[in-house]
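Below, each chain spelled out in residue letters.
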Amino acid sequence: MMKAGSKLEKTLRAGHFAVTVEVGPPRGPNPEDVLRKAQQLKGVADGYNVTDNQTAVVRMSSIAGARLLQEAGCEPIMQMTCRDRNRIALQSDLLGAWALGMRNCLCLSGDHQKAGASGKLKGHPGAKNVFDVDSIQLISILKEMRDAGVLESGDPISQPTPFFIGAVWTPLAPPEEFRILRLAKKIEAGADFIQTQAVFDMKRFATAVASAHDKGLTTKASILVGIIVPKSAKMLEYMNANVPGVEVPEGLIKRMAAAKDQRQEGYQITVELIQAARNIPGVKGVHLQAIESEEVLPEIIRSAGLLPRPQV
Amino acid sequence: MIIAEWKPLPELVEILKGHTNVLVAGCATCVAECAAGGEREVETLAPLLKMALKNEGCTINVLTRTVERQCEWEFVEELAEMTPKVDAIVSLACGIGIQAVAERFPDLAVYPGVNTTALAIRQEPGLWIARCAACGDCVLGETFGFCPVARCAKSLSNGPCGGTRKEGKCEIDENIDCVWFQIYERAKARGKVEQLLKVRKPRNWSNSGHGGPKRVVREDLRP
Amino acid sequence: MVDVKQTGNTPRIVVVYCRNAVSSAAELLEGPYTAKGYHAYFAALPCSSKIEPSYLLKIIADGADGLLVVACPEGHCRNLVGNVRAEKRINYARSLLNKAKMGAERLTLERGENLTEKDLLALAQSRLGPLKILGPNPMKGDGK
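About the cut-offs
- Residues numbered from 1 in each chain as written.
- Chains lettered and ligands numbered in written order.
- Predicted model: local features only at pLDDT ≥ 70, side-chain atom pairs only at ≥ 80, totals over all residues.
- Helix = DSSP H or I, 4+ residues; strand = E, 2+ residues; numbered from the N terminus.
- Contact = placed C-beta atoms within 7 Å.
- Rg over C-alpha atoms; globule rule 2.2 N^0.38 Å.
- Buried ≥ 20, exposed ≤ 12 C-beta atoms within 10 Å, placed from the backbone.
- Pairing = 2+ DSSP bridges.
- Axes fitted to C-alpha atoms, helices over the stretch in contact; angles between N-to-C directions.
- Expected span 1.5 Å × (residues − 1).
- Core = buried A, V, L, I, M, F, W, Y, C linked by C-beta atoms within 7 Å.
- Nonpolar A, V, L, I, M, F, W, Y, C, P; charged D, E, K, R; others polar.
- Domains from an automatic or database assignment.
- Parallel < 35°, antiparallel > 145°, perpendicular 65-115°, else oblique.
- Left-handed = near helix turned anticlockwise from the far one by under 90°.
- Right-handed = clockwise from strand over helix to strand, strands pointing away.

On to the overall build of chain C. In terms of helices and strands, chain C carries four helices and five strands. Traced from its N-terminal end to its C-terminal end, chain C shows the element sequence β-β-β-α-β-α-β-α-α. For chain C, contacts bridging at least 24 residues in sequence account for 78% of all contacts bridging at least 6.

And the structure:
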């Protein structure tokens with residue numbers, strides 16, 4: 001039974017290997033910045049994630065970014081974190097998002113506001129955070145609004161808001177044994193699709209997926225494996241050391257370091273990761289991220305043999 | 001205990017520049033426990049303020065007095081014999097004590113000498129860690145004795161988030177344990193991991209600060 | 001408490017020493033000792049760990065140009081780690097002196113054993129150079 005009827009949902013239901021890509025909204029109000037990315041990425045994915053003030057850096061809101069993408073022909077997956085808004089604002093924004101045509105929503109806890117102060121940015125580390133509800137409670141909220149037409153309070157809304165509900169899985173963060181149980185919790189709470197934290201070791205990931213499969217989770221929700229396009233060996237080293245849940249095999253870093261053209265090698269590595277992902281039973285798609293270089297994605301997706309996207 | 005820490009010295013110097021006679025008032029309870037406002041700290045800050053202000057061209061006279069607790073009126077009253085001699089009080093008590101002093105001596109400038117920061121335990125000598133958030137809806141029985149409100153940077157009810165570092169540390173500070181990692185380990189040790197599989201519903205934050213300034217009345221204890 | 005007399009601009013150096021660092025034959029010094037253009041004041045402690053930041057800061061706030069703490073060598077404290085605690089407290093007090101723009105160098109720590117009166121006076125004298133660079137204590141003339 002169709003939950004929301006989004007392109008992503010239909011693609012997965014039809015049994016196609018899905019492709020989603022991440023689009024970071026601009027650090028400014030110019031809609032052209034979103035439209036340009038939409039033009040670059042049109043037709044290469046089944047869903048386009050719009051991040052929600054990722055790393056606590058102020059960007060155009062994900063609702064606005066999502067709406068602009070949609071108008072440009074790219075069906076958005078609106079990301080929603082729990083850091084900045086309480087349940088009143090979250091539910092209100094969900095009503096608004098649905099009214100504006102959004103049908104996919106990815107629920108996350110959100111990076112702590114301390115993350116916003118890094119590199120050249122001062123960020124807002126002194127801001128008050130919210131975290132009224134957590135990501136799993138947010139998933140439940142969306143489920144109740146969709147399936148029962150009620151808010152968290154139990155008060156009814158005038159009509160249900162069918163969303164295709166997404167959640168994140170970070171299989172390799174400690175405590176590893178609990179991560180699969182937490183995935184189960186998210187799916188029980190109502191998650192329909194899962195996008196994982198970036199994976200660079202598909203063998204390791206395959207083991208985690210096998211556990212999920214044993215628990216019956218791979219049929220209850222569609223798992224899309226996250227893949228970040230690596231730009232350099234330095235980037236891989238950085239992620240391996242600093243990004244929780246991201247493990248980069250030593251061999252991959254060496255390979256990058258030895259490459260004549262690290263960018264090009266990065267594209268090749270990405271294609272190989274996608275191909276490896278396709279061979280893992282229970283993995284229903286890939287979620288590609290090219291941070292601040294979305295323009296490289298169409299060629300990568302083409303090289304991986306995933307174009308054109310199936311019509312559903 | 002309630003913990004506090006000295007305000008930065010430049011800030012205190014700015015505050016006191018216009019004053020001549022200052023009372024540094026300490027409290028022998030919580031702030032003494034966290035080495036911020038007890039007698040020892042009062043007697044350290046007093047000469048320090050004199051010297052810091054002297055270097056800014058100001059000569060101030062500093063009196064000192066530490067009372068048992070600044071959150072009890074009978075002890076705050078002990079400061080009354082010194083207040084005629086000063087034109088300002090710098091209180092090293094927590095915000096509760098500072099306000100009690102300000103309420104008792106409304107004609108005097110009362111300044112905080114500390115920033116009150118948390119409800120903490122002295123884990124080891126010289127190390128204090130926040131343990132309680134005074135949230136008004138205690139779930140310690142469900143989390144194996146670890147507070148997910150005070151000790152999780154995101155106050156998750158269904159943690160951990162994806163940010164747990166290697167060795168089970170928190171995403172935002174490698175010195176802080178990921179409390180959900182600790183909760184899981186404790187659950188595992190007790191053979192009760194299934195208790196963590198239940199989806200915990202959104203919390204009720206209204207029994208504490210979020211519900212408005214807290215006011216508690218006990219009729220049986222009223223005069 | 002060491003009573004630092006307010007006598008003009010001659011440098012005043014206070015030496016607070018652990019009794020156990022001094023040779024048993026040495027007479028306990030008190031002072032003031034006036035010698036070679038400075039006044040030295042001495043105070044004996046049963047252990048260097050008896051010092052507290054408040055005690056050290058008061059001595060300087062009262063006008064001492066320099067304050068030297070003499071402790072036993074590491075590993076030789078009769079109270080096991082008293083001389084380690086002393087160092088931590090001295091470092092803390094030094095950081096506070098810096099914050100108050102008094103100069104951390106006014107407060108220093110020396111370690112020694114079997115020290116004689118001559119040794120202690122020599123240690124006091126060795127502070128003259130660094131203290132000259134710092135300049136006289138701005139708190140002079142502000143005594144109690």
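Per the secondary structure count, chain B includes six helices and nine strands. In terms of C-alpha radius of gyration, chain B reaches 22 Å, well past the compact-globule figure of 17 Å for 223 residues. Taking the principal axes of the C-alpha coordinates as reference, chain B spans close to 65 × 50 × 25 Å. Buried positions account for 39% of the 223 residues belonging to chain B. Taking contacts inside chain B between residues at least 6 apart in sequence as the whole, the part at least 24 apart equals 55%.

Take the sheet that holds strand 1 (residues 2–6) of chain B next. Hydrogen bonding along the main chain pairs the strands of a sheet, whether they run parallel or antiparallel. Residues and elements named next belong to chain B. Overall, antiparallel pairing links the three strands, which are arranged 1-6-7 in an open sheet. The strands lining the two open edges of the sheet, one partner per strand, are strand 1 and strand 7 (127–132). With strand direction ignored, the average angle separating the axes of adjacent strands in the sheet is 70°.

Moving on, we get to helix 3 (residues 39–54) of chain B. Along its 16 residues, helix 3 of chain B runs 23 Å from first to last C-alpha, staying within 8% of the 22 Å computed at 1.5 Å per residue. When you tally the buried positions in helix 3 of chain B, you get 13 out of 16 residues, the bulk of the element.

Formed by 90 residues in total, the largest nonpolar core has its most connected members in Cys 107 and Leu 142 of chain A. Among the nonpolar cores identified, the runner-up in size contains 80 residues, and Val 31 of chain B together with Tyr 17, Leu 57 and Ala 93 of chain C belong to it.

Counting from both sides, the interface comprises twelve residues of chain B and, opposite them, 14 residues of chain C. Among the elements that make up the side of chain B that touches chain C, the one with the highest residue count is helix 3 of chain B (nine residues). Broken down by class, the residue content of the side of chain B that touches chain C amounts to five nonpolar, three polar and four charged.

Let us now look at the interface of chain A and chain B. On the chain B side, the residues contacting the 25 residues of chain A number 23 residues. Per element, the largest residue contribution to the side of chain A that touches chain B is five residues, and it comes from helix 6 (residues 176–189) of chain A. Looking at side-chain class alone, the side of chain A that touches chain B contains eleven nonpolar, seven polar and seven charged residues.

Right, let's talk about unusual backbone geometry for a bit. For the bond running from Pro 174 of chain A to Pro 175 of chain A, omega is -10°, close enough to zero to count as cis. Among the secondary structure elements, Pro 175 of chain A is positioned in the loop between strand 5 (164–169) and helix 6. A cis amide bond links Leu 307 of chain A to the next residue, Pro 308 of chain A, at an omega of 0°. Among the structural elements, Pro 308 of chain A can be located in the segment after helix 12 (297–303). Here Asn 53 of chain A, not a glycine, exhibits a phi torsion of approximately 45°, which is positive. Following the sequence through the fold, Asn 53 of chain A ends up in the loop between strand 2 (47–50) and helix 3 (62–71). In this structure Asn 53 of chain A comes out as buried when scored by C-beta crowding, with 21 C-beta atoms within 10 Å. Backbone geometry at Lys 101 of chain C places phi at a positive 60°, although glycine is not the residue there. Relative to the elements of secondary structure, Lys 101 of chain C occurs in the loop between helix 2 (82–99) and strand 5 (107–111). Assessed through the 15 C-beta atoms surrounding it within 10 Å, Lys 101 of chain C is described here as partly exposed.

So, about the domain arrangement of chain B. What the domain assignment lists for chain B is domain 1 (2–118) and domain 2 (135–209). Distance from the C-alpha centre of domain 1 of chain B to the C-alpha centre of domain 2 of chain B: 37 Å.

Moving on, we come to the packing of helix 1 (residues 53–61) of chain C against helix 2 of chain C. Residues and elements named next belong to chain C. The geometry of helix 1 relative to helix 2 is characterised by a closest axis approach of 9 Å and an angle of 45° between their N-to-C directions. What the angle tells us is that helix 1 and helix 2 run oblique. For the crossing formed where helix 1 meets helix 2, the hand is right-handed. From helix 1, Pro 53, Leu 56, Leu 57 and Ile 60 reach across to helix 2, where they touch Arg 89, Tyr 92, Ala 93, Leu 96 and Leu 97.

Take helix 5 (residues 135–147) of chain A next. Residues three or four positions apart in an α-helix share a direction because the helix packs 3.6 residues into each turn. Residue and element names in this part refer to chain A. Look at helix 5: 18 Å from first C-alpha to last across 13 residues, which is about the 18 Å you get at 1.5 Å a residue. With ten of 13 residues buried, helix 5 lies mostly within the body of the structure. Turning to helix 5, its buried residues are Ser 135, Ile 136, Gln 137, Leu 138, Ile 139, Ser 140, Ile 141, Leu 142, Met 145 and Arg 146. Buried positions along helix 5 lie against strand 3 (76–81), helix 4 (87–99), strand 4 (104–108), strand 5 and helix 6.

The subject of this paragraph is the pairing of strand 2 of chain A. All names here are of chain A. Burial along strand 2 is two-sided: Gly 47 and Asn 49 facing one way and Tyr 48 and Val 50 facing the other are all buried. Looking at chain direction, strand 1 (residues 18–23) and strand 2 are connected through four bridges and run parallel. Among the inter-strand pairings, Val 21 is bridged to a residue of strand 2, identified as Tyr 48. Crossover handedness for the path strand 1 to helix 2 (residues 31–41) to strand 2: right-handed. Strand direction decides the pairing type here: strand 2 and strand 3, joined by three bridges, are parallel. Counted as the bridge partner of Tyr 48 is Pro 76 from strand 3. Assessed by its sense of winding, the connection that carries the chain from strand 2 through helix 3 to strand 3 is right-handed.

Moving on: the environment of Leu 297 of chain A. Residue and element names in this part refer to chain A. Within the secondary structure layout, Leu 297 lies in helix 12. For Leu 297, a count of 24 C-beta atoms within 10 Å translates into the label buried. Sequence separation between Leu 297 and Val 44 is 253 residues, and the spatial gap between their C-alpha atoms is 8.1 Å. Not counting residues within four places of it along the chain, the set of residues in contact with Leu 297 comprises Val 21, Leu 41, Val 44, Leu 288 and Ala 290.

Let us look at the packing of helix 3 of chain B against helix 1 of chain C. As a packed pair, helix 3 of chain B and helix 1 of chain C sit with axes 8 Å apart at the nearest point and diverge in direction by 25°. Put simply, helix 3 of chain B runs roughly parallel to helix 1 of chain C. Helix 1 of chain C is crossed by helix 3 of chain B, and the crossing has left-handed handedness. Side by side, helix 3 of chain B and helix 1 of chain C meet where Arg 40, Glu 43, Thr 44, Pro 47, Leu 48, Lys 50 and Met 51 of chain B of the first sit next to Pro 53, Ser 54, Leu 57, Lys 58 and Ala 61 of chain C of the second. Grouping the amino acids of the contact of helix 3 of chain B with helix 1 of chain C by side-chain chemistry returns six nonpolar, two polar and four charged.

All names here are of chain A. Of all seven residues making up strand 8 (residues 283–289), seven are buried, and the element is well covered by its neighbours. Looking at chain direction, strand 1 and strand 8 are connected through four bridges and run parallel. Residue pairing for strand 8: Ala 18 is matched across the bridge by Gly 285. When strand 7 (residues 222–228) meets strand 8, the two strands line up parallel, connected through six bridges. Paired with Val 225 across the strands is Val 286, a residue of strand 8.

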